Amino acid sequence: MERRNLMDVEIVTLSDGWKMPTVGFGTAGLGVHTQQAVEWALEAGYRHIDSAQARAWYREDLVGKALLEQQGRIARESVFLTSKLHPLHFGYNETIAQFQRSLKELNTTYLDLFLLHYPNCTPNLCGDATPKGTWKDTWRALEYLHGQGRIRSLGVSNFSPQQTMELLNFAEVCPVVLQAYSDPMSNNVELQDLCAREGIQFVAYSSFGIQWILRGAKTNPVLESPLIRRIAQKNNCSAGGAVIAWAHAQGQVVIPRSSKRERIRANFQEKCRLTGQDVVEINALNKRGA
């Protein structure tokens, strides 16, 4: 996987040859603010937008409205657009129907990347509902859509190393992206190592530590880390900028999100340069939670 700059946007070439910007804009949890936030992201220079079908967390219809609003200024072909299939919709025919719904909501005729959002339909995700098929049935549907050119690249999200290997042994068209949680305190090293060995691009979500807050932490141990703040200050950047630079040093693509215009711009435009020692010190935070 090769990295290079293209019009001030750093690009990674996926193992199937398609190019993905290394900083995307995440849209989870933005609710009614999604359209405005995506428009601000596009104005700031983002050309990679990450969305999903899970309506509890995402508003693909508002992402689509933002893309439509900007279409006179930004060509669809210049935006790397990702969506994800909710596990409730596993099954060959159901997958194709839901994919069509995403295309309609996103105002596009194809997707750059389509992921299985989760490997299982757990009660937290699906309640008492049962999908009509398995992720294997769905993968065959994605391979069909890929063969038609309606999906350029295939991938998964929240798969374990064991589940990823099971998919690699099953797939006719292999995943080229795996999206999972990773931050300096919980680096997901085993999964990253697997991705590196198998030529899969690791895309990190929640890089700034929001998962710690969701799990009950009173403060964000990533952005409030004395070490990260010291390294950021030394390099004349924000703590968030230091985390993005650290993630890139791991070979990760990141998809930070925000509803604040200045933070959206800073997450994309701030260029923090870390030393090798800075990266080593941040790596040492893994699983320390301090």
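Use the structure listed above.
The structure presented is a predicted model; accordingly, all values stated were derived computationally and were not measured.

Enquirer: What is the right way to look at the packing of aromatic side chains in this model?
Expert: Given two aromatic rings, their pairing is described by the distance between the two centres and the angle made by the two planes. Under the definition given, this model contains 7 aromatic pairs. An angle of 75° between the planes, with centres 5.4 Å apart, marks the rings of Phe 99 and Phe 114 as edge-to-face. Here Phe 99 is found in helix H3 (residues 92–106), whereas its partner Phe 114 is found in strand E7 (residues 111–116), with 15 residues between them in sequence. Here Phe 99 matches Phe 114 in class, with each residue buried. Connected via pairs of aromatic rings, a cluster forms that spans Phe 25, Tyr 46 and Phe 268. Its end group placed over the ring of Phe 170, Arg 140 keeps NZ or CZ at 3.9 Å from the ring centre. Here Lys 271 stacks its cationic end above the ring of Phe 268, 5.4 Å away from the centre of that ring.

Enquirer: Help me understand the state of the cysteines, please; the structure alone is not making it clear to me.
Expert: Two cysteines whose sulfur atoms are joined by a covalent bond form what is called a disulfide. Summed over all chains, the structure comprises 2 disulfides. Disulfide partner of Cys 121: Cys 126, at an S-S distance of 1.7 Å. Taking the sign of the torsion about the S-S bond as the criterion, the disulfide between Cys 121 and Cys 126, at about -110°, is left-handed. Accessibility expressed as a relative area gives 23% for Cys 121, which makes it partly exposed. For Cys 126, a relative accessible area of 9% translates into the label buried. Residue Cys 237 pairs covalently with Cys 272 via a disulfide, S to S 2.2 Å. In this pair, Cys 237 sits in the loop between helix H9 (226–234) and helix H10 (239–249) while Cys 272 sits in the loop between helix H11 (261–269) and helix H12 (276–283), placing the two residues 35 residues apart along the sequence. Exposure class is identical for Cys 237 and Cys 272. Each is buried. Described in terms of the sequence order of its bonded cysteines, the disulfide pattern of the protein is 1-2, 3-4. Lacking any disulfide linkage, Cys 174 is separated from the closest cysteine sulfur, that of Cys 195, by 13 Å.

Enquirer: Would you mind showing me how to read the pattern of salt bridges here?
Expert: Proximity of charged atoms lets side chains of opposite charge pair with each other. Counted by the stated rule, this structure contains 16 salt bridges. Here Glu 166 makes a salt bridge to Lys 136, at a shortest N to O gap of 3.2 Å. Pair noted here: Glu 166 is in helix H6 (residues 161–170) and Lys 136 is in helix H5 (residues 135–147), with a separation of 30 residues, a long-range link. Between Arg 140 and Glu 143 there is a salt bridge, with its nearest N and O atoms 2.7 Å apart.

Enquirer: How should I be thinking about the side chain of Asn 158 in this particular structure?
Expert: Relative to the helices and strands, Asn 158 resides in the loop between strand E8 (151–157) and H6. A polar atom in the side chain of Asn 158 sits 3.0 Å from the backbone oxygen of His 117. Sequence-distant contacts of Asn 158, defined by excluding residues within four places in its chain, comprise His 117, Tyr 118, Pro 119, Gln 163, Gln 179 and Tyr 205.

Enquirer: So what exactly am I meant to see when it comes to the sheet that holds E8 here?
Expert: Strand order in the open sheet formed by 8 strands is E4-E5-E6-E7-E8-E9-E10-E11, and the pairing between neighbours is parallel. Of all strands in the sheet, those bounded by a partner on one side alone are strand E4 (25–26) and strand E11 (253–254). Alignment of E4 against strand E5 (residues 48–50), held across 2 bridges, turns out to be parallel. Each bridged residue has a counterpart across the sheet, and for Gly 26 the counterpart in E5 is Asp 50.

Enquirer: Explain the nonpolar core here, please?
Expert: Grouped burial of nonpolar side chains is what soluble globular proteins tend to show. Ranked by size, the top nonpolar core spans 69 residues in total, and within it Phe 25, Tyr 46, Ile 49, Leu 116, Trp 139, Leu 142 and Ile 228 carry the most contacts. Membership of the second largest hydrophobic core comes to 13 residues, among which are Met 20, Val 177, Val 203 and Val 253.

Parameters and conventions
- Residues numbered from 1 in each chain as written.
- Predicted model: local features only at pLDDT ≥ 70, side-chain atom pairs only at ≥ 80, totals over all residues.
- Heavy atoms only, no water.
- Phe/Tyr/Trp six-rings, centres within 6.5 Å; stacked < 30°, edge-to-face > 60°.
- Helix = DSSP H or I, 4+ residues; strand = E, 2+ residues; numbered from the N terminus.
- Buried < 20%, exposed > 50% of the residue type's maximum accessible area, 1.4 Å probe, protein only.
- Lys NZ or Arg CZ within 6 Å of the ring centre and 35° of its normal.
- Disulfide = S-S within 2.5 Å.
- Salt bridge = Lys/Arg side-chain N within 4 Å of Asp/Glu carboxyl O.
- Polar contact = N/O pair within 3.5 Å; in protein donor to acceptor, adjacent residues only side chain to side chain.
- Contact = heavy atoms within 4.5 Å.
- Pairing = 2+ DSSP bridges.
- Core = buried A, V, L, I, M, F, W, Y, C linked by side-chain atoms within 4.5 Å.

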